[in-house]
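Summary of the model geometry
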Number of protein chains: 2
Amino acid sequence: MNTPPPSERATVRRLPQRASYEETTIHAILDEGLMAHVGLAVDGQPYVLPMVYGRIGRNLYLHGASVSRIARQLAQGVSVCLTVTLLDGLVLARSAFHHSMNYRSVVVLGTATLVTDEAEKMQALEAITDHVLRGRWAEVRPPNTQEMKATSVLRLPLEESSAKVRTGPPKDDEEDLALNCWAGVIPLKLVTLPPEDAPELREGIRPPGSLLKYPRPQTAP
Amino acid sequence: MNTPPPSERATVRRLPQRASYEETTIHAILDEGLMAHVGLAVDGQPYVLPMVYGRIGRNLYLHGASVSRIARQLAQGVSVCLTVTLLDGLVLARSAFHHSMNYRSVVVLGTATLVTDEAEKMQALEAITDHVLRGRWAEVRPPNTQEMKATSVLRLPLEESSAKVRTGPPKDDEEDLALNCWAGVIPLKLVTLPPEDAPELREGIRPPGSLLKYPRPQTAP
């Protein structure tokens, strides 16, 4: 909470006591999240689309079909906002007004750039695959020339980013504490269920170690 | 999948076979989601922020502190894009290229309008509270005059909206089926953990029925 924000527009204004500009906090939230919501504006109309991503150091990577609208728009170097939100709990107060959510979110502002270097592009696809399931890249067939051509990869630097975090119980007004009403937190957690084999799976193949010890840090209560 | 899209810009272009413009599909996804990602553009720079919401018929309602940047921006009648995404599973193929996610998402395009009618505003706050936890509104102290003043409520009609849904196993290329590699789906589910009492809870108060039979439909595998 003591690192200064990287820019005026990346500064959290609302409830600034929840803001953090610490790189470790920002990276931890991004590494735990599965899906980002990416916003871009086309002629003043914003579009927000869910996208998977990967991180290498201080860069995020996105990918999409080369023919897709969003990949083509992003490749032109337009301004984007990428937001990742982890839901940690419902905060139930005694008054409707003080209801809230426990969450951890990161907002990244910047310009996405098309990755043209083939080696960086391959590393980015590895980072995206392993972001979803660590160790998966080493288990599967890597992209061939045709698949690489069909995929656009974009780099978004983490230069202008901020985190916002709410934790803990509801904060009711003093005079509401005596109300005959339960208050507290219902923790939320994203969990995985047992793996389901693909219908045409070769006989004798078991889920790999990367999956049985699913290593993604879970949304903690 | 057989209802026509409401507008050209709300038409899903990428993988249109996953698109739906059915009102029942769109409402079901919105009713199950807890958090929306709302995008708006300020001088060409998009901002995407997580917000809770509620639905009454064919309108969505958002709320925010009247003093917040986003509430003030939205109240000016700017174009927004509201996206809700439910993650249902990791789709693990034998090739990196065919990895995917099972998900259900809704994208709403439109203009948010500040709600000035006090009765509609109160109904919207009830819808937002009960969206998070059905029946909660009846259990808590409703907003007083000061709290109503401090809260802005915005209405976003569901006129231009689309859903996109992916379900089922990975779709590998024929020649990859023989690879010595597990393939399938890891289902994801957002679950609630046991409620945690607020520290200063009045003695003898138990979690209410609305909570113990938490009625939100869960993200099904």
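It should be emphasised that the depicted structure is a prediction, and the values quoted were computed from it without experimental measurement. (Residues numbered from 1 in each chain as written. Chains lettered and ligands numbered in written order. Predicted model: local features only at pLDDT ≥ 70, side-chain atom pairs only at ≥ 80, totals over all residues. Heavy atoms only, no water.)

This paragraph deals with the overall build of chain A. Scanning chain A for helices and strands turns up five helices and 12 strands. Projected onto its principal axes, the C-alpha coordinates of chain A cover approximately 65 × 50 × 30 Å. Evaluated residue by residue, chain A yields a buried proportion of 54% over its 221 residues. Nonlocal contacts in chain A, meaning residues at least 24 apart in sequence, comprise 73% of its contacts between residues at least 6 apart. By element, 53% of the accessible surface of chain A is carried by carbon and sulfur atoms, the whole surface being about 9700 Å². (Helix = DSSP H or I, 4+ residues; strand = E, 2+ residues; numbered from the N terminus. Buried < 20%, exposed > 50% of the residue type's maximum accessible area, 1.4 Å probe, protein only. Contact = heavy atoms within 4.5 Å. Areas by Shrake-Rupley, 256 points an atom, 1.4 Å probe, with all protein chains shown as cover.)

The next point concerns the sheet that holds strand 8 (residues 113-114) of chain B. Residues and elements named next belong to chain B. As summarised here, the arrangement of the four strands in space is 4-5-9-8, forming an open sheet in which the pairing is antiparallel. At either margin of the open sheet sits one strand with a lone partner, and together these are strand 4 (53-56) and strand 8. By the bridge criterion, two bridges tie strand 8 to strand 9 (residues 151-157) in an arrangement that is antiparallel. When the bridges of strand 9 are listed, leucine 114 appears paired with leucine 154. Contacts between helix 3 (residues 118-132) and the sheet are confined to strand 4, strand 5 (59-65) and strand 9, with strand 4 contributing the most and set at about 115 degrees to the helix. (Pairing = 2+ DSSP bridges. Axes fitted to C-alpha atoms, helices over the stretch in contact; angles between N-to-C directions.)

This brings us to the relation of the copies chain A and chain B. The transform that puts chain A on chain B rotates by 180 degrees and translates by 0.0 Å along the axis, for an RMSD of 0.0 Å. What the superposition gives is, in effect, a two-fold axis relating one chain to the other. Measuring from the rotation axis to each C-alpha of chain A, the shortest distance belongs to leucine 190 of chain A, at 2.2 Å. By residue overlap, the copies meet face to face through one surface: 100% of the interface positions of chain A are interface positions in chain B. (Least-squares fit on C-alpha atoms with pLDDT ≥ 70 in both.)

The next subject is the pattern of salt bridges. Counting across every chain of the model gives 26 salt bridges over all chains. The salt bridge involving arginine 13 of chain A is made with glutamate 8 of chain A; its shortest N-O contact spans 2.6 Å. Given the relative accessible area of 41%, arginine 13 of chain A is considered partly exposed. In this structure glutamate 8 of chain A comes out as exposed when scored by relative accessible area, which is 55%. In this structure, a network of salt bridges that share partners links the residues Arg141 and Glu147 of chain A together with Asp173 and Asp176 of chain B. (Salt bridge = Lys/Arg side-chain N within 4 Å of Asp/Glu carboxyl O.)

Next up on the list: the nonpolar core. Of all hydrophobic cores here, the largest spans 60 residues; its most connected members are Leu30, Leu74 and Leu82 of chain A together with Leu74 and Leu82 of chain B. Excluding residues within four positions of it along the chain, leucine 30 of chain A makes contact with Tyr53, Leu60, Leu82, Val84, Val106, His131 and Leu158 of chain A. (Core = buried A, V, L, I, M, F, W, Y, C linked by side-chain atoms within 4.5 Å.)

All right, on to the pairing of strand 5 of chain B then. Most of strand 5 of chain B sits out of view: five of its seven residues are buried. The turn joining strand 4 of chain B and strand 5 of chain B, which pair antiparallel and follow one another in sequence, is formed by two residues; a positive phi near 60 degrees is taken by glycine 57 of chain B.

Another point: helix 3 (residues 118-132) of chain A. Helical periodicity: at 3.6 residues per turn, an α-helix aligns residues three or four positions apart in one direction. Residue and element names in this part refer to chain A. The end-to-end C-alpha separation of helix 3 is 22 Å, in line with the 21 Å expected for 15 residues at 1.5 Å each. Taken residue by residue, helix 3 has Glu120, Lys121, Ala124, Leu125, Ala127, Ile128, Thr129, His131 and Val132 as its buried positions. The opening residue of helix 3 is aspartate 117, an N-cap whose side-chain oxygen sits 3.2 Å from the backbone nitrogen of alanine 119. (Expected span 1.5 Å × (residues − 1). Polar contact = N/O pair within 3.5 Å; in protein donor to acceptor, adjacent residues only side chain to side chain.)

Across the boundary between the two partners, chain A contributes 89 residues, which contact 89 residues of chain B. The salt bridge involving aspartate 176 of chain A is made with arginine 141 of chain B; its shortest N-O contact spans 2.8 Å. There are 35 residue pairs in polar contact (both at pLDDT 80 or more) connecting chain A and chain B. Broken down by secondary-structure element, the contributors of at least two residues to the side of chain A that touches chain B are strand 2 (36-42), strand 3 (45-51), strand 6 (79-92), strand 7 (100-111), helix 3, helix 4 (145-150), strand 11 (184-192) and strand 12 (196-197) of chain A. Per-element tally for the side of chain A that touches chain B: the top contributor is strand 11 of chain A, with nine residues. Class assignment for the residues of the side of chain A that touches chain B results in 55 nonpolar, 17 polar and 17 charged. Bridging between strand 12 of chain A and strand 11 (residues 184-192) of chain B involves two bridges; their strand directions are antiparallel. Pairing of aspartate 197 of chain A across the sheet is with glycine 184 of chain B, part of strand 11 of chain B. (Nonpolar A, V, L, I, M, F, W, Y, C, P; charged D, E, K, R; others polar.)

Our focus in this paragraph is the side chain of asparagine 102 of chain A. Residue and element names in this part refer to chain A. With respect to the element layout, asparagine 102 can be found in strand 7. A polar contact of 2.7 Å, which involves the side chain of asparagine 102, links it to the side chain of arginine 166. Contacts of asparagine 102, omitting those with residues within four sequence positions, involve Leu86, Leu87, Asp88, Gly89, Val91, Arg166, Thr167, Gly168 and Val185.

Here we take up unusual backbone geometry. Here the phi dihedral of aspartate 43 of chain A falls at roughly 55 degrees; this positive angle occurs in a residue that is not glycine. Positionally, aspartate 43 of chain A belongs in the loop between strand 2 and strand 3. Residue aspartate 43 of chain A is classed as exposed on the basis of its relative accessible area, which comes to 81%. One non-glycine residue, leucine 15 of chain B, adopts positive backbone phi at about 50 degrees. You can see leucine 15 of chain B is positioned in the segment before strand 1 (19-20). For leucine 15 of chain B, a relative accessible area of 26% puts it in the partly exposed group.

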